[in-house]
Amino acid sequence: MERIYTNADADPAALEGATIAVIGYGSQGRAHARNLRDSGHSVIVGARAGGGAANRASADGFEVVSPAEAAVHAALVCLLTPDMSHRDVYANDIAPNLAEGAALLVAHGFSVLYGEVAPRADLDVILVAPKGPGDLVRREYEIGRGVPCLFAVHQDATGAARAKALAYARGIGGTRAGAIETSFREETETDLFGEQAVLCGGATELVASGFKTLVDAGYKPEVAYFECLHELKLIVDLMYEGGFKKMLHFVSETAKYGDFVSGPRVINDETRARMKEVLGDIQSGAFARQWIAENEAGKPEYQRMWDADLAQPVEQVGAELRKHMAWLEAERAAAPSQPQPQPQAA
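Reading guide: rules and limits
- Throughout this document, residue positions are counted from 1 along each chain, in the order its sequence is written.
- For a predicted model such as this one, the threshold for reporting local features is a pLDDT of at least 70, and the threshold for listing and counting side-chain atom pairs is 80 or more; totals across whole chains, interfaces and linings nevertheless cover every residue.
- Side-chain measures here rest on the full set of heavy atoms in the structure, leaving out hydrogens and waters.
- Each residue is placed in one exposure class: buried if its accessible area under a 1.4 Å probe, protein chains only, is under 20% of its type's maximum, exposed if it is over 50%, and partly exposed if it falls in between.
- Think of it this way: any DSSP run of H or I at least four residues long counts as a helix, any run of E at least two long counts as a strand, and we number them from the N terminus.
- Paired strands, in this sense, are two strands between which DSSP finds at least two bridges.
- We call a crossover right-handed when, viewed with the strands running away from us, the connection from the first strand over the helix to the second turns clockwise.
- One less than the residue count of a helix, multiplied by 1.5 Å, gives the span that helix is expected to have.
- Each residue is assigned a bend, namely the angle between axes fitted to the seven residues that terminate at it and the seven residues that start at it.
- Two rings belonging to Phe, Tyr or Trp (six-membered ring only in the last case) form a pair when the distance between their centres is within 6.5 Å. Interplanar angles under 30 degrees mark stacking, angles over 60 mark edge-to-face geometry, and anything in between is tilted.
- Inter-axis angles, ranging from 0 to 180 degrees, are taken between N-to-C directions of lines fitted to C-alpha atoms, where helices are fitted over the stretch in contact.
- In what follows, residue pairs with any heavy atoms lying within 4.5 Å of each other are defined as contacts.
- What pLDDT reports is the predictor's confidence in each residue, on a scale of 0 through 100.
- Disulfide assignment relies on a single distance test, namely cysteine sulfur atoms paired within 2.5 Å.
- Nonpolar cores are built from buried Ala, Val, Leu, Ile, Met, Phe, Trp, Tyr and Cys residues. Side-chain atoms within 4.5 Å join them into one set.
- As used in this structure description, the phrase polar contact means that two N or O atoms lie within 3.5 Å; if the pair is within protein, one of them must be able to donate a hydrogen and the other to accept it, and residues adjacent in sequence are counted only when both atoms belong to side chains.
- Two distance rules govern patches: like charges are joined within 9 Å, and nonpolar side chains (Val, Leu, Ile, Met, Phe, Trp, Tyr) within 5 Å, applied only to residues with over 30% relative accessible area and no salt bridge.
- To be clear on the numbers: accessible area is Shrake-Rupley with a 1.4 Å probe, and residue cover counts the displayed protein chains and nothing else.
- When a carboxyl oxygen of Asp or Glu is within 4 Å of a side-chain nitrogen of Lys or Arg, the pair counts as a salt bridge.

All right, on to the pairing of strand 5 (residues 103–106) then. Along a regular strand, successive side chains alternate from one face of the sheet to the other. Along strand 5, one buried face is formed by Ala 103 and Leu 105 and the opposite face, lined by Leu 104 and Val 106, is buried too. Note: strand 4 (residues 76–79) against strand 5, four bridges, orientation parallel. Bridging across to strand 5, Leu 79 finds its partner in Val 106. Taking the sense of rotation as the criterion, the β-α-β connection linking strand 4, helix 4 (residues 86–94) and strand 5 turns out right-handed. Sheet topology places strand 5 next to strand 6 (residues 124–130); four bridges connect them, and they run parallel. If you follow Leu 104 over to strand 6, its bridge partner there is Val 125.

An α-helical turn contains 3.6 residues, so any two residues separated by three or four positions project in the same direction. Compared with an ideal rise of 1.5 Å per residue, which puts 19 residues at 27 Å, helix 12 (residues 232–250) spans 14 Å between its outermost C-alpha atoms and falls more than 12% short. Along helix 12, the sharpest change in direction is near 130 degrees and occurs at Gly 242.

Tallied over the entire structure, the rule returns six aromatic pairs. For the pair Tyr 25 and Phe 62, a centre-to-centre distance of 6.0 Å together with 70 degrees between the ring planes defines the contact as edge-to-face. Here Tyr 25, found in the loop between strand 1 (19–23) and helix 1 (27–38), pairs with Phe 62, found in the loop between helix 2 (52–59) and strand 3 (63–65); they are 37 residues apart in sequence, far enough to count as distant. Of the two residues, Tyr 25 and Phe 62, neither departs from the other in class, the shared state being buried.

Attention now goes to the sheet that holds strand 8 (residues 179–181). One open sheet accounts for eight strands, arranged 3-2-1-4-5-6-7-8; its pairing is mixed. The sheet is open, and its two edges are formed by strand 3 and strand 8, each paired on a single side. Within this sheet the neighbouring strands show an average axis-to-axis angle of 25 degrees, counted without direction. Of the strands in this sheet, strand 1, strand 4, strand 5, strand 6, strand 7 (149–155) and strand 8 touch helix 7 (residues 161–171), which is tilted by about 30 degrees from strand 6.

On average, residues of the protein chain score 94 in pLDDT, and 96% of them reach the 70 mark or higher. Ignoring residues within four places in sequence, the model shows residues 337–346, a span with pLDDT below 50, making 16 contacts including any to other chains.

Applying the stated rule across the entire model yields zero disulfides. Cys 228 provides the cysteine sulfur closest to Cys 200, a residue in no disulfide bond, and the two sulfurs are 19 Å apart.

Before going further, it helps to spend a moment on the nonpolar core. In terms of nonpolar packing, the biggest core is built from 31 residues, with Leu 76, Cys 78, Val 128 and Tyr 168 touching the most fellow members. It is helix 7 that provides the largest number of residues to this core, a total of six residues. When neighbours within four sequence positions are excluded, Val 128 is seen to be in contact with His 32, Leu 105, Val 106, Ala 107, Cys 149, Leu 150, Phe 151, Ala 165, Tyr 168, Ala 169 and Ile 172. Within the second largest apolar cluster, 26 residues are counted, among which are Ile 23, Ile 94, Leu 127 and Ala 129.

Here we come to the side chain of Ser 111. Structurally, Ser 111 is set in helix 5 (residues 110–113). Judged by relative accessible area, Ser 111 falls into the buried class, the value being 0%. Within polar-contact distance, the side chain of Ser 111 engages the side chain of His 86 at 2.7 Å. Discounting residues that sit within four places of it in the chain, Ser 111 has contacts with Asp 83, His 86, Glu 116 and Val 117.

A few words on a nonpolar patch on the surface. Residues Leu 206, Val 266 and Ile 267 make up a contiguous nonpolar surface patch of about 260 Å² in total accessible area. Tracing the sequence through the fold places Ile 267 in the loop between helix 13 (253–266) and helix 14 (269–284).

This part takes up the environment of Arg 139. Mapped onto the secondary structure, Arg 139 falls in helix 6 (residues 134–142). Counting along the chain gives 155 residues from Arg 139 to Glu 294, while the straight-line C-alpha distance between them is 36 Å.

Okay, the pattern of salt bridges next. Tallying each qualifying case throughout the model produces 22 salt bridges. Connected through shared salt-bridge partners, Asp 38, Arg 138 and Glu 142 make up one network.

The subject of this paragraph is the side chain of Asp 60. For Asp 60, the location among the structural elements is in the loop between helix 2 and strand 3. Asp 60 gets classed as buried once you look at its relative accessible area, which sits at 17%. Among residues more than four places away in sequence, those in contact with Asp 60 are Tyr 25, Arg 30, Arg 34 and Arg 37.

Here you go:
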């Protein structure tokens, strides 16, 4: 069993007296900044003047300066903007201004692993990745708990990089729940694979294919939606809370038997071979090169696929059915206000 690091393993003195600059005040950035401040660290926010991030950070009581000025004053810069912005932000704002021996921290290793960011040799380069959305990171911290996280060291220029990473993980509440040491490569490749083969790509394709199979066979689209998408949350919640064991305990005997005999017919050796291909493209860097090139071209294919995904019948049917689910509206009203991601036009 991999070692789990806790508060007892993390010395906050590794960042004592250090100014931490958070650049990127989205879901994760906002949670990190607030948790670090509440843990006693000195935090400033780097954001473009007049933008939404700057306004939110100011409203939260932070000193807000330009990203370049934030780097000047920081002993540790958290680069929490979207992956594809890292190259420009690092080259233009961080590299010319961050002091020798300071630390650069990311929450996902993509830009460093694939060379979008080539950190100066005198910098500590570390990763701390909470395994949950920013809203959960903040809520768990506020009630005295935390969200588990991964941490890694890419470059140890000062000999203190690992201690800084653990101190940061403690500052955001991660070592309350437990932190696992990894590498930039392992974090990045497993994260990309999970997104593509299971969590996003795999799950949405499975839902859409199941919906289409039922509708093509003559069943009502509304009934197909409930069976292939709506009830998925119930199953995922059970697995999230207690693994396969809890899920199997709460579903019917018929559902269990169907799981055992039909699951392997859908997810089989051919599926696993395709998963290995996906992983191979990630490990070779082929996916990263494709995604970087797509961004540099203005994301035309990305936008086409985005539009096609939202035009699927399962999306249209779901949008109508969800209008009748009053509890969803109540949950949205109760949730903290967060900036919503938007598609980017080509």
